[in-house]
Amino acid sequence: MNILILGGGGREHALAWAVKQNPKCDRLIAAPGNAGIAAIAECADLDILDGAAVLAFAVENAVDFVIVGPEAPLAVGVADALRAGGILTFGPSAAAARLEASKAFTKDICDACGAPTASWARFADRAAALAHVRARGAPIVVKADGLAAGKGVVVAMTLPEAEAAIADMFGGSLGAAGAEVVIEEFMAGEEASFFVLTDGHDVLPIGTAQDHKRAGDGDVGPNTGGMGAYSPAPVLTDEIAAQALDQIIRPTIAELARRGTPYQGVLYAGLMIDQGRARLVEYNVRFGDPECQVLMMRLGAQALDLMLACAEGRLAEARVTWADDHALTVVMAAKGYPGAHEKGSAIGGLDNLPESSSQMVFHAGTTLKDGQITATGGRVLSVTARGATLAEAQARAYGMIDRIDWPQGFCRRDIGWRALK
Ligand code: AMP
Ligand code: GLY
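Residues numbered from 1 in each chain as written. Chains lettered and ligands numbered in written order. Predicted model: local features only at pLDDT ≥ 70, side-chain atom pairs only at ≥ 80, totals over all residues. Heavy atoms only, no water.

(A) Fine view of the side chain of Thr329. Relative to the elements of secondary structure, Thr329 occurs in strand S17 (residues 326–334). On the basis of relative accessibility, which here comes to 0%, the residue Thr329 falls in the buried class. In terms of polar contacts, Thr329 uses its side chain to reach the backbone carbonyl oxygen of Val383, at 3.3 Å. Discounting chain neighbours no more than four positions away, the residues touching Thr329 are Gly228, Ala229, Pro290, Gln293, Val294, Ser382, Val383, Thr384 and Ile415. (Helix = DSSP H or I, 4+ residues; strand = E, 2+ residues; numbered from the N terminus. Buried < 20%, exposed > 50% of the residue type's maximum accessible area, 1.4 Å probe, protein only. Polar contact = N/O pair within 3.5 Å; in protein donor to acceptor, adjacent residues only side chain to side chain. Contact = heavy atoms within 4.5 Å.)

Here's what the structure looks like:
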């Protein structure tokens, strides 16, 4: 079959890598793709936020299956446009993608289905929001309702921080995303991510992961999109995973179906685990980046069969075959990230790194310029390895990093520390 993947980050390179290994895949196209994806697929220049344009491209190229990587096309209804045009598509409708696009929507769903989460209130008015945090005190969490590219959440440890966040959001710092603000109880505990596929009715767990959001070793410094991840997440024990499925994920899927907006695709539940129990922090309607890299490394070619079963509504008959192994990925970013950083530096040494089912360099922000792999983004590479133990996967990933010649880049040296300590 002919398959189109929308997106051009490390997540989409990992998806392309897994899909390409499956004999069902004849032609693979990614839009826009990147230099790593270009080595295994055709890359197309396409406005992936324009549903009509994506549909026309899919029809023209006899695409049989579209996998939507990022949340932005889902939030604007690209999956709806494709399905309306008769193209089999992996990813939720715009209505179901509100689970990521609106924090208040997710909180409403949790209330409606009884899913455990932080207590909350929504505000469209700055004075009322300020009065609320002053009455509650810190720590407290202030969130812009809409999509804000990871900048919409302030975990305020003091009252002045919460007040400043409210002033900022109502002051328009995040545009329309901050027109409504959700204020939540602060939850203590350890975070982990739980990934399931669902066709709107059945739910299939496909793995757990933990990521490292801070830029610096020891989990300090500014927040980023994720500097590394590993799978499985030891804190998400079978017992806690079962509780999260029964109390959070299945009720959410049932509530969306009940409302006439069933969810189809991958659902990524961010959980806070404390005293043996999980509560929902947030949902994402896509794979995490870089969590997808470790999930794909562990799933391999079967990932395509699972996504097809999901899109075709036959998840009840799908099974995941697990190797009893671990995967870990280390993100290499341009120095300065997540702040201002240089673009256009050359990356050497990648040719000396053999690629296999247990080690892969997934590209995030790269392009090929005059035959040279060149950095174009903040997060640039996602160096990923598998091992019988997490320690082995970690040693292999850092062994690969040490052979990459990119003086303008940096990475954390401690990915996985929490699970290994
Ligand atoms: P979100 O975008 O909702 O995942 O929030 C980003 C990060 O903020 C999460 O990964 C958590 O680390 C933190 N966070 C969000 N909500 C809460 C909460 N209610 N209590 C504690 N931490 C939170
Ligand atoms: N790594 C976190 C995310 O993809 O949202």
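(B) Inspection of the pairing of strand S15 (residues 265–274) at higher detail. Burial analysis of S15 places 9 of its 10 residues in the buried class, the great majority of the element. With 9 bridges joining them, strand S10 (residues 190–198) and S15 adopt antiparallel strand pairing. The partner of Phe195 across the bridge, within S15, is Tyr268. Direction of pairing for S15 relative to strand S16 (residues 277–284): antiparallel, over a ladder of 7 bridges. Bridge assignment links Leu271 to a residue of S16, and that residue is Leu280. Taking the residues between adjacent antiparallel strands as the criterion, S15 and S16 are bridged by 2 residues, where Gln275 takes a positive phi near 50°. (Pairing = 2+ DSSP bridges.)

(C) Structural context of the sheet that holds strand S7 (residues 140–144). With antiparallel pairing, 4 strands are arranged side by side in an open sheet as S6-S9-S7-S8. Each edge of the sheet is formed by a strand with only one pairing partner; in this case those strands are strand S6 (120–123) and strand S8 (153–156). On average, each strand axis in the sheet is tilted by 20° relative to the strand beside it, whichever way the strands run. In this sheet, strand S9 (residues 181–185) lies alongside S6 in antiparallel orientation, the contact comprising 4 bridges. Bridge pairing in S9 links Trp120 to Glu184. Sitting on the sheet, helix H7 (residues 103–113) is in contact with S6, S7, S8 and S9, with an inclination near 140° to S6. Where helix H8 (residues 126–136) meets the sheet, it contacts S6, S7 and S9, and its direction lies at approximately 155° from that of S6. (Axes fitted to C-alpha atoms, helices over the stretch in contact; angles between N-to-C directions.)

(D) Broad picture of helix H3 (residues 51–60). Residues of H3 that are buried: Gly51, Val54, Phe57 and Ala58. End-on, the buried residues of H3 take up no more than an arc of 130°, which puts them together on one face. Opposite its buried face, H3 presents the exposed residues Ala52, Val59 and Glu60, each directed more than 90 degrees away. Against strand S1 (2–7), strand S2 (27–32) and helix H5 (78–84) lie the buried residues of H3. You can read the cap of H3 off the contacts: a side-chain oxygen lies 3.2 Å from the backbone nitrogen of Ala52, and it is on Asp50. (Arc of directions from axis to C-beta.)

(E) Focus on a nonpolar patch on the surface. Taken together, the side chains of Val153, Val155 and Met157 present a nonpolar region at the surface, about 240 Å² in accessible area. Within the secondary structure layout, Met157 lies in the loop between S8 and helix H9 (159–170). (Patch = residues over 30% accessible without salt bridge, like charges linked within 9 Å, V, L, I, M, F, W, Y side chains within 5 Å. Areas by Shrake-Rupley, 256 points an atom, 1.4 Å probe, with all protein chains shown as cover. Salt bridge = Lys/Arg side-chain N within 4 Å of Asp/Glu carboxyl O.)

(F) Highlighting the pairing of S1. The buried fraction of S1 is high, at 6 of 6 residues. Alignment of S1 against S2, held across 6 bridges, turns out to be parallel. Bridge assignment links Asn2 to a residue of S2, and that residue is Arg27. In this region the chain leaves S1, passes through helix H1 (residues 10–20) and returns to the parallel neighbour S2; the handedness of that crossover is right-handed. (Right-handed = clockwise from strand over helix to strand, strands pointing away.)

(G) Up close: the sheet that holds strand S3 (residues 42–43). As summarised here, the arrangement of the 5 strands in space is S3-S2-S1-S4-S5, forming an open sheet in which the pairing is parallel. Taken across any chain shown, the strands that pair with only one partner, and hence form the sheet edges, are S3 and strand S5 (88–90). For S2 and S3, the ladder comprises 2 bridges, and the chain directions are parallel. Of the residues in S3, the one forming a bridge with Ala30 is Cys43. On the sheet, helix H12 (residues 302–311) packs against S1, strand S4 (65–68) and S5 and is oriented at approximately 115° with respect to S5.

(H) Quick look at H1. Summarising burial for H1: 10 of the 11 residues are buried, a large majority. Among all positions in H1, only Gly10, Arg11, Glu12, His13, Ala14, Leu15, Ala16, Trp17, Ala18 and Val19 are buried.

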